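Report on the structure
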Amino acid sequence: MADPMKIRASLQGDVVEVKVLMSHEMETGQRKDASGAIVPAHFISSVQAECNGKAVLTAHWGPAVSKNPYLAFKFKGAAKGDKVKVTWVDNKGETRTDEGTIA
Amino acid sequence: MCSWREPLVLAALLAAGAAQAAEGVGRPATPAELRAWDIDVRPDFQGLPRGSGSVLRGQELWDAKCASCHGTFGESNEVFTPLVGGTTAEDQARGRVAALTGNGHPQRTTLMKVATVSTLFDYIRRAMPWDAPRSLSDDDTYAVLAYLLNLGDVVPSDFVLDQDSIRAVQQRLPNRNGMTRAHGLWDVKGKPDVRAVACMKDCGPEPRVASTLPDFARNAHGNLAEQNRTFGPVRGADTTRPAGAARTGAPAAAPAAVKPAAGLTLARASGCLACHDVEAKRLGPSFRDLKARYAGDAAAAAKLAARVRGGSQGAWGPVPMPPQRQVAEGDVDTIVKWVLEGAR
């Protein structure tokens, strides 16, 4: 099980700014280890953010995204106290979902 | 600063001539002066002030004063190297960060390296935030440190850090066993961190310069002198001129002899020069660039003053300018006016 994400969501005016720090190896599949064998690719392939059951962000990621990715985005139409739920799925099928409260 | 420099030089001169002649010069430091100076916190927590701060309070302070440079999660690599990251639960149990010896996390973060939590407390209290050091109260320092430790998963999110619980935190620091004194920097008998072995016989061929940049290509990448930092030991050659020619156009030496302008004095006292320079781009734009962009803009003074007070981001790149509420209203207007008049 991967480490939890850190999620921070804050309402400024009518816009919610969400910042997410994920914990993931994000192996490109291009690197070789000390013995020369290729390190298999292991990266987050899709990210979805939901607020009040509605998707506010969907993203398809590839191996070009850095290790422990940082994601920031803004959306409208939520109130203080609402929950923002972020889910990632990686290319090995592992997944992790975490929740943050809009402050 | 100047007030003590002259007596010091005088004292040194007198001491060179006759030691007893220095008597009567200066005075013992007062207890208040000593207290203001003696703020270090040692690894055994000697000098640690009483106080406490929660992670929650630290988060508020962090967002207001720290996040603009270090990122919301201490992860930012934008201005400084990251504070947090690269440590694992196993590191915490072992007291030694595995990623420091492997290649798993090439960039070192603060929490990967630091071995004593007192160092973090001391540094935050002494030097942070960058534009207003020593402005955090002891309780605020505890709170910011608690939040930083929480970001690094060293303490839980409901933790309250105080002069007693900080001792337990030391036992959870990821790299607490990572400090050694058994090397040449601490002990002349220790193992040096470099090893130079002189070759005495059967050495390889004498190294020689195999190729050099032709003269016409000297300036191929522009003037290197202008591309280097204006501070520090490396300046870069002035490539607009032949090698060996006298430097021109290089950054001017510090105008020590010239009395600084009133605006500059005020800007320095207000902490502007932590991030801005008159001539050169630092974290923020130079005062010259500001003047160039807003020349002839009648509304510029009010706009810039509002940005100084309320903070700004995006006008000059991604690095945000935090709100400068510690600067008095009148001073902001004076500084902005001075900048728009050319910062002379």
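Residues numbered from 1 in each chain as written. Chains lettered and ligands numbered in written order. Predicted model: local features only at pLDDT ≥ 70, side-chain atom pairs only at ≥ 80, totals over all residues. Heavy atoms only, no water.

1. What about the interface of chain A and chain B?
Interface size, as often reported, equals the accessible area lost upon joining of the parts. On the chain B side, the residues contacting the 9 residues of chain A number 10 residues. Interface of chain A and chain B: buried area, both sides summed, is about 830 Å²; carbon and sulfur atoms make up 51% of it. For the chain A face of the interface with chain B, the top three residues by lost area are Lys6, Arg8 and Leu21 of chain A, together amounting to 62%. At the junction of chain A and chain B, the tally comes to 2 salt bridges. At the junction of chain A and chain B, the tally comes to 4 residue pairs in polar contact (both at pLDDT 80 or more). Those elements that place two or more of their residues in the side of chain A that touches chain B are strand S1 (6-12) and strand S2 (15-21) of chain A. In the side of chain A that touches chain B, the residues fall into 4 nonpolar, 1 polar and 4 charged. (Contact = heavy atoms within 4.5 Å. Buried area = accessible area lost by both parts, 1.4 Å probe. Salt bridge = Lys/Arg side-chain N within 4 Å of Asp/Glu carboxyl O. Polar contact = N/O pair within 3.5 Å; in protein donor to acceptor, adjacent residues only side chain to side chain. Helix = DSSP H or I, 4+ residues; strand = E, 2+ residues; numbered from the N terminus. Nonpolar A, V, L, I, M, F, W, Y, C, P; charged D, E, K, R; others polar.)

2. Regarding the sheet that holds strand S4 (residues 54-60) of chain A
The pairing of strands in a sheet comes from backbone hydrogen bonds and takes either a parallel or an antiparallel form. Residues and elements named next belong to chain A. Reading across the sheet, the 4 strands line up as S4-S3-S6-S7 and stay open at both edges, with antiparallel pairing between neighbours. If you trace the sheet from one side to the other, it starts and ends with S4 and strand S7 (95-101), each paired once. Adjacent strand axes in the sheet meet at a mean angle of 15 degrees when their direction is disregarded. Summarising the sheet, strand S3 (residues 44-51) and strand S6 (residues 83-90) pair through 7 bridges and their orientation is antiparallel. Within the sheet, the bridge partner assigned to valine 47 lies in S6 and is tryptophan 88. (Pairing = 2+ DSSP bridges. Axes fitted to C-alpha atoms, helices over the stretch in contact; angles between N-to-C directions.)

3. Things to note about the confidence of the model for chain B
All names here are of chain B. Looking at chain B, the pLDDT average stands at 83 and 89% of residues meet or exceed 70. Looking over chain B, one finds the lowest element-wise mean pLDDT in helix H1 (residues 2-17), namely 45, and the highest in helix H7 (residues 138-151), namely 95. In the predicted structure, residues 1-19 sits below a pLDDT of 50 and forms 3 contacts with residues beyond four places in sequence or in another chain. Contacts of residues 249-257 to residues separated by more than four positions or lying in other chains number 2 contacts, the stretch itself having pLDDT below 50. Here the predicted complex scores 0.68 on pTM and 0.83 on ipTM. (pLDDT = per-residue confidence, 0-100.)

4. Remarks on the state of the cysteines
Residue and element names in this part refer to chain B. Applying the stated criterion across every chain yields a total of 1 disulfide over all chains. One disulfide in the model links cysteine 199 with cysteine 203; its S-S distance is 1.7 Å. Disulfide cysteine 199-cysteine 203: torsion about the S-S bond near -110 degrees, hence left-handed. Owing to a relative accessible area of 49%, cysteine 199 belongs among the partly exposed residues under this scheme. This cysteine, cysteine 69, is not joined by any disulfide, and cysteine 275 carries the nearest cysteine sulfur, 6.0 Å off. Exposure remark for cysteine 69: the relative accessible area of 15% places this residue in the buried category. (Disulfide = S-S within 2.5 Å. Buried < 20%, exposed > 50% of the residue type's maximum accessible area, 1.4 Å probe, protein only.)

5. Structural notes on the sheet that holds S2 of chain A
Residues and elements named next belong to chain A. The 3 strands lie next to each other as S1-S2-S5, forming an open sheet whose pairing is antiparallel. This sheet does not close on itself; its edge strands, each paired only once, are S1 and strand S5 (70-76). Sheet twist, expressed as the mean angle between neighbouring strand axes with direction ignored, is 15 degrees. Alignment of S2 against S5, held across 7 bridges, turns out to be antiparallel. By the bridge assignment, valine 15 is partnered in S5 with lysine 76.

6. Comments concerning the pattern of salt bridges
Residue and element names in this part refer to chain B. Tallying each qualifying case throughout the model produces 17 salt bridges over all chains. Taking the shortest distance from any N to any O, the salt bridge between aspartate 140 and arginine 57 comes out at 3.3 Å. Pair noted here: aspartate 140 is in helix H7 and arginine 57 is in helix H3 (residues 55-70), with a separation of 83 residues, a long-range link. Residue aspartate 140 is classed as buried on the basis of its relative accessible area, which comes to 15%. Among the residues examined, arginine 57 registers a relative accessible area of 35% and is labelled partly exposed.

7. Looking at H3 of chain B
Residues and elements named next belong to chain B. Compared with an ideal rise of 1.5 Å per residue, which puts 16 residues at 22 Å, H3 spans 17 Å between its outermost C-alpha atoms and falls more than 12% short. Along H3, the sharpest change in direction is near 55 degrees and occurs at aspartate 63. Along H3, the residues that are buried comprise Val55, Gly58, Leu61, Trp62, Cys66, Ala67, Ser68, Cys69 and His70. On its buried face, H3 sits against strand S1 (52-54) and H7. Phi for glycine 71, located one or two positions after H3, is positive at around 85 degrees. (Expected span 1.5 Å × (residues − 1). Bend = angle between axes of the 7 residues up to and from the residue.)

8. A word on the pairing of S1 of chain A
All names here are of chain A. As judged from the 7 bridges shared by S1 and S2, these two strands associate in the antiparallel manner. Across the sheet, the residue bridging to leucine 11 is valine 16, located in S2. Following S1, the chain reverses through 2 residues before pairing antiparallel with S2; glycine 13 in that reversal takes a positive phi of roughly 70 degrees.

9. Digging into the nonpolar core
By size, the foremost hydrophobic cluster in this structure holds 37 residues, and its most contacted members are Trp62, Leu145, Leu149 and Leu161 of chain B. Mapped onto this core, the elements with two or more residues apiece are H3, helix H6 (117-127), H7 and helix H8 (165-170) of chain B. It is H7 of chain B that contributes the most residues to this core, 9 residues altogether. Filtering out sequence-adjacent residues up to four positions away, leucine 149 of chain B remains in contact with Val117, Leu120, Val154, Val155, Leu161, Val169 and Leu173 of chain B. By size, the runner-up hydrophobic cluster in this structure holds 24 residues, among which are Ile7, Val47, Trp61 and Val86 of chain A. (Core = buried A, V, L, I, M, F, W, Y, C linked by side-chain atoms within 4.5 Å.)

10. Description of the packing of aromatic side chains
All names here are of chain B. Taken as a whole and judged by the stated rule, the model has 6 aromatic pairs over all chains. Ring centres 5.5 Å apart and planes at 75 degrees place the aromatic pair phenylalanine 287 and tryptophan 338 in the edge-to-face group. Residue phenylalanine 287 is found in helix H11 (residues 287-294), and its partner tryptophan 338 is found in helix H13 (residues 329-340); the two are separated by 51 residues along the sequence. Look at phenylalanine 287 and you get buried, because its relative accessible area is 4%. Just above the ring of tryptophan 186 sits the side chain of arginine 181; from NZ or CZ to the centre is 4.4 Å. (Phe/Tyr/Trp six-rings, centres within 6.5 Å; stacked < 30°, edge-to-face > 60°. Lys NZ or Arg CZ within 6 Å of the ring centre and 35° of its normal.)

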